[in-house]
Every structure is written in C-alpha cells, then in structure tokens.
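What follows is each chain in one-letter form.
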Amino acid sequence: MDEGEAERPRSRPMTELDLDALIDDAGTRIIVTCGAGGVGKTTTAAALGLRAAERGRKVVVLTIDPARRLAQSLGLTELDNVPRAVAGANPKNGGRLDAMMLDMKRTFDDVVLQHATPEKAEQILANPFYQALSSSFAGTQEYMAMEKLGQLHHQAERTGDWDLIIVDTPPSRSALDFLDAPERLASLLEGRFLRLLLAPARGPFKLMSAGVNMAMSVLNKVLGAQVLTDVQTFVAAFDTLFGGFRQRAEQTVALLREPHTAFLVVASPQNDALREASYFAERLRAEGMPLAGVVLNRVTTTQASELSAERSLAAAEKLEEADKSPLTAAVLRLHADKMQQVVGDHKRAERFRRGHRAIRTVEVPALADDVHDLGGLRTIGELLTA
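A short tour of the structure in this document, coming up. Fair warning: this is a prediction, and the values are worked out from it, not measured in the lab.

Calculation notes
- Residues numbered from 1 in each chain as written.
- Predicted model: local features only at pLDDT ≥ 70, side-chain atom pairs only at ≥ 80, totals over all residues.
- Heavy atoms only, no water.
- Helix = DSSP H or I, 4+ residues; strand = E, 2+ residues; numbered from the N terminus.
- Buried < 20%, exposed > 50% of the residue type's maximum accessible area, 1.4 Å probe, protein only.
- Contact = heavy atoms within 4.5 Å.
- Pairing = 2+ DSSP bridges.
- Axes fitted to C-alpha atoms, helices over the stretch in contact; angles between N-to-C directions.

Another point: the side chain of Thr33. Note on placement: Thr33 falls in strand β1 (residues 30-34). Judged by relative accessible area, which is 0%, Thr33 ranks as buried. Not counting chain neighbours up to four residues away, the residues in contact with Thr33 comprise Lys41, Ala45, Val167, Asp168, Thr169, Leu264 and Val266.

The structure is reproduced here in structure tokens:
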C-alpha cells in the first residue's frame, strides 16, 4: 500500500449506520426516533437535531415524551407547543435549530378551531366529554403527534422554515402506537357507538325510535344521564369533523412511508430493550416504513480490556487471602464487574446484529454522567457518528 492509500479514510462497513450521511442528505426530510422507555431516545433525537443544525440543516425537533429532559439539555427554560429557537446552538451555512414539546390538548383545540365554524368550535371546546377526550383518552397523545407532524411538514413546505423534522416518539410497549393511534382514534370518532348516539336526530333511525330509545335507556343507566348528554352533545357538534380526522391521519401515515422519511430505532444492549427493537424493526418493515437503522445506546466500554473479569477476580482473591492491599482488591473487583458488563453488552449486541443482518447499526458508549446541556448533546452527536 502506498502513502496515498494509507492516508485515505477507511469506508464504513456495510452494516454500520452512517448518521452523518443521513442528516447531511437533503433528501432526508423527517427522522423519527422510536424505542422503549429509558434507552436514550430523547437524547438521541436532540443530539442529532443539534448536529444537523450545526452542519447546515434547518431543523425542528418535536418531542412527544412528556419528560422535560429535552428542554433542559437544549438550554431552554420552557418547551411547549410552539417551536422555539435554541439560542446556544451554533448553526452553520444557514442552519437553525428549533425545538418544541407536544401539548396534545392545545393541538386538539387548534384542530377544532381550524376546521370547525366558530359556533361549533365553541360548543366542542366547552364540552366536558371533549375536554376528557383531548386531555387523557388513550391514543390521543400519539394521534395529536401525527397532527402536529403534519402541520410542521406543511409549514416547512410552505415557508421553508425547516428542511428537517426530527420526531421523538413516546415510549410504549406497543412500540408503534404512534402509527396505530390515528386509526384507533378515527375509528372511535366514526364508530357505530357514537353514531348510535346521534340516531334519534338523524336520517332513517328516526323510524326506529322505539329500539333506539330502548338502547338509550340502557346507556343512560350505565353512563348516567349527564355523561350521556355530554357525549351526545359532543358527537352532534363534532359530526362535521369526523371525516377530516381519518383523511389527515392517512395523509400523515403516507408521508411516513415516503423515501424522505427515516426511522431510527434506539435500544440499549439489554435483553428487554433489544426485544423491543426487534419488534420495532419487524413492524416497520411490515408497514413499509423506511428503517434507517438501529442505535445501540449506552454500551458499556472499558479502557483496560486486556484484563479480563476472571483474571481480575483471581488477583483480588489472592490479595484478600494474603490480607494485602484491600483497596487494590476492591478496585480489581469493581473492574471485574465492569468487564462482565462489557462482555455481556457485547454478546447481546452481537446476537442482535446476527439476527438482523440487513439492518445497519451504530454503537454509542455509555457516559459517566447524564446529558444535561448542549455540550453533552454535542458529545453524543460525535459518538453517534464516530
């Protein structure tokens, strides 16, 4: 090999995930990070957003995770439903970094205000059933994340404010509730049960008043008179918006299937998290969603890998038997524990890669401290792309 060849940078292995290439590619418009809770998904999204902005992309990071870690790490005193500029970022070549946290009720309210007449909107927003639905109904958070993603995408296309949207999805055992929630919520709002509540005042059901009234009598006993009245009032006012929910959900899901979208699955090298990652990957493939790869986060590493756990324990036992250097023996035992974690993490990560040879991966070593500022996010960004 001549001198020129020696200086040429080595190409990445085919199975290694090149995240710099992903965020630098102008064709990448949406990145969705997903994964189980506690694997560093929010930090990964924030670190990629910061790195992309400082490499020239106009980025907005949308977090759906209710934790406030993203705001803290981005140096923001508050993070809400409106994109806010991250002042401490150092974007280059026209880049920028904005961040926001989903407020599902406010997003739902905005949808109502945008798509209903002022009279209908006032009725809906004041309705107790709507207030419960928009604040705490299972799946509402994920559905409103889809609504917000659609809004951000349309704004980006219309104004050019951003050329990259990074979405940090909430942790969920159901893995891709983010994709399922629109269909579930649309089915609820368009379902037979709520349609039945409108029956006494609509179409051919007027001719079946006896049967409908009997059903209403049963529902009244089960739900209570006021609850049933609130639901009926809500459905009557909301009726004109039913179709729009399904249509927008279908449009956003279609958007997530396009080549300009990339899903990143984040996992730690633990059995439960890796099983979740496997489920995520398989589900994304089944749904036709573009999976960029898997981030194996918080992998235990050591600077003294030549000293195995077995040798370290043996040396500690000898010192203890001779009643010598108790501090050294304690350090050796700590190192043995660390090496066992290193070996375990490596074996589990390697087993995952062997089982998913077509999926690109990147390993991020565990840090001694939690990430709580932009400097920490830059470090994570460097490790993600090292």
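So, next bit.
The subject of this paragraph is the pairing of strand β5 (residues 164-168). Among the five residues of β5, five are classified as buried, and the element is accordingly described as predominantly covered. Pairing of β1 with β5 involves four bridges; the strand directions are parallel. Residue pairing in the sheet places Ile30 in a bridge with Ile165 of β5. Here five bridges tie strand β2 (residues 58-63) to β5, and the two strands are oriented parallel to one another.

In this section: the sheet that holds strand β3 (residues 84-85). Strand order in the open sheet made by the eight strands is β3-β4-β2-β5-β1-β6-β7-β8, with mixed pairing throughout. Lying at the two open borders of the sheet, with one neighbouring strand each, are β3 and β8 (361-365). Here helix α17 (residues 374-385) sits on the sheet in contact with β7 (291-299) and β8, set at roughly 140 degrees to β8.

Its location among the elements puts Ala330 in helix α16 (residues 326-355). For the pair Ala330 and Ala316, spaced 14 residues apart in the sequence, the C-alpha separation amounts to 7.2 Å.

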